[in-house]
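# Results of the structural survey
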Amino acid sequence: MKAREVNFDGLVGLTHHYAGLSFGNEASTKHRFQRSNPKLAAKQGLLKMKALADAGFPQAVIPPHERPNVAALRQLGFTGSDEHVVEKAASQAPQLLSAVSSASAMWVANAATVCPSADSQDGKVHLTVANLNNKFHRAMEAPTTEALLRAIFRDEKTFAVHSALPQVAMFGDEGAANHNRFGGEYGETGVQLFVYGREDGSQLAPARYPARQTLEASQAVARLNQVRPQQVVYAQQNPDVIDLGVFHNDVIAVSNRQVLFCHEQAFADQPRLLGELAAKVPGFMAIEVPQQAVSVADAVATYLFNSQLLSHDDGRMVLVLPQESQEHAGVWRYLHELLAQDNPMSELKVFDLRESMANGGGPACLRLRVVLSEAEQRAVNPAVMMNDALFNTLNMWVDKHYRDRLTQADLADPQLLREGREALDQLTQLLNLGSVYPFQR
Ligand SMILES: NCCC[C@H](NC(=O)CCC(=O)O)C(=O)O
């Protein structure tokens, strides 16, 4: 039976805005306080999903979270009705209101780490929710992410959804953005590469920006996901590139099947890692981009590596890139050289994801890869699968509910809270999710 990689993309939420919340993520810092367009952001994401579904790649959607997160503000001491809580936060602590209003759950590469059934000891598909401990606005995603994943991957005989790791720095976990799986056919046993930024207590760590993922977290996720130990490889990110803005490994590397496409400075001990992968993955091929061809700074600015590397049924691979890669002459030239060389890459697909990119989220950040056998695909909640009908339904839903401009000041508007709840209440019906949001309980 043929297994496929299904890409689950995060749908951008109604409160998408630029708040500069992610120290170490240069796009987030740079676009702080600029005006956003949530409606356009959601539509840009939907267009990518639809185009990939049309090109034959199975595609699904993961809904946004309830924002502002009023419960989080209450936990921080704001009292009164929900509207009063928002008003008080807006006047006393606007940056906190921004954090609890962030639409950051759209970047579902950080939602969880996935282990396909072919790799797990009990033969189930495992998903461990990421705690996103390094940033307040992201750490609050875990409970709703868990509820959503349980509503999508409902069948407990097929899927095992694990709660996030303890919310402390030692177990900082950013999900699939620091995880790669290598192998032949998707349904065959693979090798899983867990990439971390630091080991608790070790000196080998970035100096300027935080390392969000720890080795201790990666090891715990590998245990929870029941990955057979002989199939696990750990590697440390190069701390110097974290200091240049590579806050997740998927900003500097992407993989698919036997191919690793990465910058030559991506990993701390790159020759050792590539040797280990060559020994464990039959037909392993590393495509390392030299600093001379594309600098780390250009990779961060263009998100060349935050691409999706997808396989057509005949084995040809397509690289799904953000428009910023096409707009950079040197990067675009390099990509064409790559196509001409002897490797499986045969096609480039470019998308305008400007709204997400301005917060540091490219094509790869917006998707969670889930390898599923045919039987497992049938066990997924069918209402989240992208097709013509769902594309039209979601576009109409976005048109009806989303604003086309939002600044930090607008977050004070209590109407935004009501708009969000009404929209999400309808969305849970459209996607047959049941009650997943705090306001529905
Ligand atoms: N995988 C891409 C994640 C991008 C995300 N950006 C943000 O949260 C920016 C939000 C803001 O600054 O408004 C992050 O850094 O975790």
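Source: prediction; values computed, not measured.

Counting its regular elements, the chain contains 17 helices and 15 strands. With the C-alpha coordinates of the chain rotated into their principal frame, the extents come out at 60 × 45 × 40 Å. Residues counted as buried form 61% of the 441 residues belonging to the chain. Partitioning the contacts of the chain with sequence separation of at least 6, the portion at a separation of at least 24 is 76%. For the chain, the computed accessible surface area is about 16,200 Å², with 50% contributed by carbon and sulfur atoms.

Right, let's get into the site of the ligand. Taken together, 18 residues lie near the ligand, and Leu21, Ser22, Ser28, His137 and Arg212 sit nearest. With respect to the ligand, the side chain of serine 28 contributes an N or O atom lying 2.8 Å from an oxygen atom. One of the side-chain nitrogen or oxygen atoms of arginine 212 is found 2.8 Å away from an oxygen atom of the ligand. Considered on its own, the ligand offers 430 Å² of accessible surface; in the complex 100% of this is hidden by protein. Grouping the amino acids of the shell around the ligand by side-chain chemistry returns 5 nonpolar, 11 polar and 2 charged.

Take the layout of surface pockets next. To locate leftover empty space, one rolls a probe as large as a water molecule over the atoms. For the largest pocket, the calculated volume is near 400 Å³. Lining the largest pocket are 20 residues, with Ala27, Lys30, His31, Met357 and Ala358 positioned closest to its centre. When contributions to the lining of the largest pocket are tallied by element, the ones reaching two or more residues are helix H1 (26-30), helix H11 (296-302) and helix H14 (354-357). Split into classes, the residues belonging to the lining of the largest pocket amount to 9 nonpolar, 5 polar and 6 charged.

On to the sheet that holds strand E5 (residues 159-162), then. The strand order across the open sheet built from 3 strands is E3-E4-E5, with neighbouring strands paired in mixed fashion. Strands with a single pairing partner mark the edges of an open sheet, and in this sheet they are strand E3 (112-115) and E5. Taken pair by pair, the neighbouring strands of this sheet meet at an average axis angle of 15°, ignoring direction. Set on the sheet, helix H7 (residues 142-152) makes contact with E3, strand E4 (125-129) and E5; between it and E4 the angle comes to about 160°.

Turning to the pattern of salt bridges, a few remarks are in order. Between side chains of opposite charge, a pair can form when the charged atoms approach closely. Summed over all chains, the structure comprises 23 salt bridges. The salt bridge partner of arginine 418 is glutamate 83, with a shortest N-O separation of 2.9 Å. With arginine 418 in helix H17 (residues 414-430) and glutamate 83 in helix H4 (residues 82-92), the pair connects residues that are 335 residues apart, well separated along the chain. Of the residues examined, arginine 418 reaches a relative accessible area of 40% and is grouped as partly exposed. Between aspartate 413 and arginine 403 there is a salt bridge; the shortest N-O distance is 3.0 Å. Of the two residues, aspartate 413 sits in the loop between helix H16 (388-401) and H17 while arginine 403 sits in the loop between H16 and H17, which places them 10 residues apart along the sequence. One network of salt bridges, with partners in common, ties together Glu66, Arg74, Asp82 and Arg421.

Here glycine 360 is to be found in the loop between H14 and strand E15 (367-372). Given the relative accessible area of 5%, glycine 360 is considered buried. Non-local contacts of glycine 360, meaning those with residues more than four positions away in its chain, are made with Asn25, Ala27, Phe247, Tyr303 and Cys365.

Under the local residue numbering, the UniProt record ascribes the feature "active site" (unreviewed entry) to Glu174, His248 and Cys365. A stretch of 192 residues holds the annotated residues, and the largest C-alpha distance among them is 11.1 Å, short enough that they meet in one place. Lining residues of the second largest cavity, restricted to the annotated ones just named, are His248 and Cys365. Summarising the element assignment, glutamate 174 is placed in the loop between E5 and strand E6 (179-182). Judged by relative accessible area, which is 1%, glutamate 174 ranks as buried. If near-sequence neighbours (up to four positions away) are discounted, glutamate 174 is found in contact with Ala109, Asn110, Ala130, Leu132, Asn133, Asn134, Arg212, Gln213 and His248. In terms of polar contacts, glutamate 174 uses its side chain to reach the side chain of arginine 212, at 3.2 Å.

Here we have 3 strands laid out as an open sheet, ordered E9-E10-E11, and mixed in their pairing. Looking at which strands have only one partner, the edges of the open sheet turn out to be strand E9 (253-256) and strand E11 (285-289). Neighbouring strand axes in the sheet, compared pairwise and without regard to direction, differ in orientation by 10° on average. With 4 bridges connecting them, E9 and strand E10 (residues 259-263) associate as antiparallel partners. Looking at the pairing, alanine 253 lines up with cysteine 262 of E10. Here helix H10 (residues 270-280) sits on the sheet in contact with E10 and E11, set at roughly 175° to E10.

Over its 12 residues, helix H13 (residues 329-340) runs 17 Å from end to end, which matches the ideal 16 Å to within 8%, given 1.5 Å per residue. All buried positions along H13 are accounted for by Gly330, Val331, Tyr334, Leu335 and Leu338. Take H13 and look down its axis: the buried residues cluster within an arc of 135°, on one side only. More than 90 degrees from the buried face of H13, the exposed residues found are Ala329, Arg333 and Ala340. Close packing links the buried residues of H13 with E10, E11, H11, strand E13 (317-322), helix H12 (323-327) and strand E14 (345-351).

Rules of the game
Residues numbered from 1 in each chain as written. Predicted model: local features only at pLDDT ≥ 70, side-chain atom pairs only at ≥ 80, totals over all residues. Heavy atoms only, no water. Helix = DSSP H or I, 4+ residues; strand = E, 2+ residues; numbered from the N terminus. Buried < 20%, exposed > 50% of the residue type's maximum accessible area, 1.4 Å probe, protein only. Contact = heavy atoms within 4.5 Å. Areas by Shrake-Rupley, 256 points an atom, 1.4 Å probe, with all protein chains shown as cover. Near = heavy atom within 4 Å. Polar contact = N/O pair within 3.5 Å; in protein donor to acceptor, adjacent residues only side chain to side chain. Nonpolar A, V, L, I, M, F, W, Y, C, P; charged D, E, K, R; others polar. 1 Å grid on protein atoms, 1.4 Å probe; cavity = no way out; pocket = protein on both sides within 12 Å on 5 of 7 lines; lining within 4 Å. Points joined across faces, edges and corners; volume = space filled by probe spheres on them. Pairing = 2+ DSSP bridges. Axes fitted to C-alpha atoms, helices over the stretch in contact; angles between N-to-C directions. Salt bridge = Lys/Arg side-chain N within 4 Å of Asp/Glu carboxyl O. UniProt positions renumbered as here; feature names shortened; annotations may be inferred. Expected span 1.5 Å × (residues − 1). Arc of directions from axis to C-beta.

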